[in-house]
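Coordinate analysis (summary)
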Amino acid sequence: RRPGATLLEVSGVSVTFDGFRAINNLSISIGEPELRAIIGPNGAGKTTFMDIVTGKTRPDEGRVLWGEKSLNLLKMSESEIARAGIGRKFQKPTVFEAQTVRANLAMALKAPRSPFDVLFFRPGPDVAARISELAAEIGLAGELDRLSGELSHGQKQWLEIGMLLAQDPRLLLVDEPAAGMTPAEREHTTDLLKRAAEKHAVVVVEHDMEFVRRLECRVTVLHEGSVLAEGSLDHVTRDQRVIDVYLGR
Ligand code: ADP
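Cut-offs and rules
Residues numbered from 1 in each chain as written. Predicted model: local features only at pLDDT ≥ 70, side-chain atom pairs only at ≥ 80, totals over all residues. Domains from an automatic or database assignment. Near = placed C-beta within 6 Å. Helix = DSSP H or I, 4+ residues; strand = E, 2+ residues; numbered from the N terminus. Buried ≥ 20, exposed ≤ 12 C-beta atoms within 10 Å, placed from the backbone. Contact = placed C-beta atoms within 7 Å. Pairing = 2+ DSSP bridges.

This part is about the domain arrangement of the protein. The domain boundaries assigned to the protein delineate domain 1 (5-94 + 168-247) and domain 2 (96-150). Each of domain 1 and domain 2 has a C-alpha centre, and these two points are 29 Å apart.

As a structural note, the neighbourhood of the ligand is formed by Phe 17, Asp 18, Phe 20, Ala 22, Gly 40, Asn 42, Gly 43, Ala 44, Gly 45, Lys 46, Thr 47 and Thr 48. Put simply, the parts of the chain that give the shell around the ligand at least two residues each are β2 (20-32) and α1 (46-53). Per-element accounting of the shell around the ligand gives the leading share, three residues, to α1.

In this section: helix α3 (residues 101-108). Judged by how many residues are buried, α3 sits mostly within the fold: eight of eight residues are covered. Turning to α3, its buried residues are Val 101, Arg 102, Ala 103, Asn 104, Leu 105, Ala 106, Met 107 and Ala 108. Close packing links the buried residues of α3 with α4 (125-137) and α5 (153-166). Immediately downstream of α3, the backbone of Lys 110 shows phi near 60°, a positive value.

Time to look at the sheet that holds strand β5 (residues 71-72). Pairing between the strands of a sheet is mediated by backbone hydrogen bonds and can be parallel or antiparallel. Overall, antiparallel pairing links the four strands, which are arranged β2-β1-β4-β5 in an open sheet. In the strand order of this sheet, the two ends are held by β2 and β5, each with one partner. Bridge count for strand β1 (residues 5-17) against β2 is nine bridges, and the pairing is antiparallel. The residue bridging Glu 9 from the neighbouring strand is Ser 29, located in β2.

This part covers the pairing of strand β3 (residues 34-39). With six of six residues buried, β3 is to be regarded as a mostly interior element. Taking every second residue as pointing to the same face, both faces of β3 are buried, with Glu 34, Arg 36 and Ile 38 on one and Leu 35, Ala 37 and Ile 39 on the other. As paired strands, β3 and strand β8 (residues 201-205) are joined by five bridges and run parallel to one another. Of the residues in β8, the one forming a bridge with Glu 34 is Ala 201. In this sheet, strand β9 (residues 218-223) lies alongside β3 in parallel orientation, the contact comprising four bridges. Within the sheet, the bridge partner assigned to Arg 36 lies in β9 and is Arg 218.

Listed below in structure tokens is the structure:
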């Protein structure tokens, strides 16, 4: 599947922390829909890239443009950026463990008015239908009445992805989704992300090459805050510079 029109355009961005250039003239553009993997050794700038896109870190130079109107994300607050349709999944799941899967999804859909409302919450037909749809999408249709705290690590991660999808983001940034998962959970995660990327732009930051291979998507290799190579995984792993960086030469 080829990426659609450009959704996110990062160009010539640099970030300096105490005189150290963590991001150096970085340019990346993401289409909609698209599935993209961002890989690179520790310290390559992957986390800082996500921090820039979500407004948590402000670059010293460069442009970050969003959507068909080319909105300047650098002028928007973190919450404005989130409302514009950028969702981020951190490595550690942050589901409400004392609540059921259904209540977690309902909260993500903002159906109950407050966390206290959840106690007495009965979803209306529209919300119930959307909850079922999301649960099926993330493979938790049979777990709706379970407490989230009882789910496996993998299931919690899927629930959190479901909670982000509930907010219907245009771009989903996912940090190392396969970390700590069993092989079966990894496979499910691959399917889930591929499916999500049929409708949304999904950017996955990942260390695990085997996982990236299964995503069958365009790969961007970061090194020292810049793009070292971009293309299919086969293409970038044949690149001598990428091999050298990974072997630490
Ligand atoms: P990655 O996620 O690819 O491992 P990071 O984006 O976390 O890389 O970090 C890129 C570089 O910037 C690293 O050398 C890191 O030590 C440095 N760095 C990141 N955040 C800060 C910060 N707040 N202050 C100083 N240095 C930082």
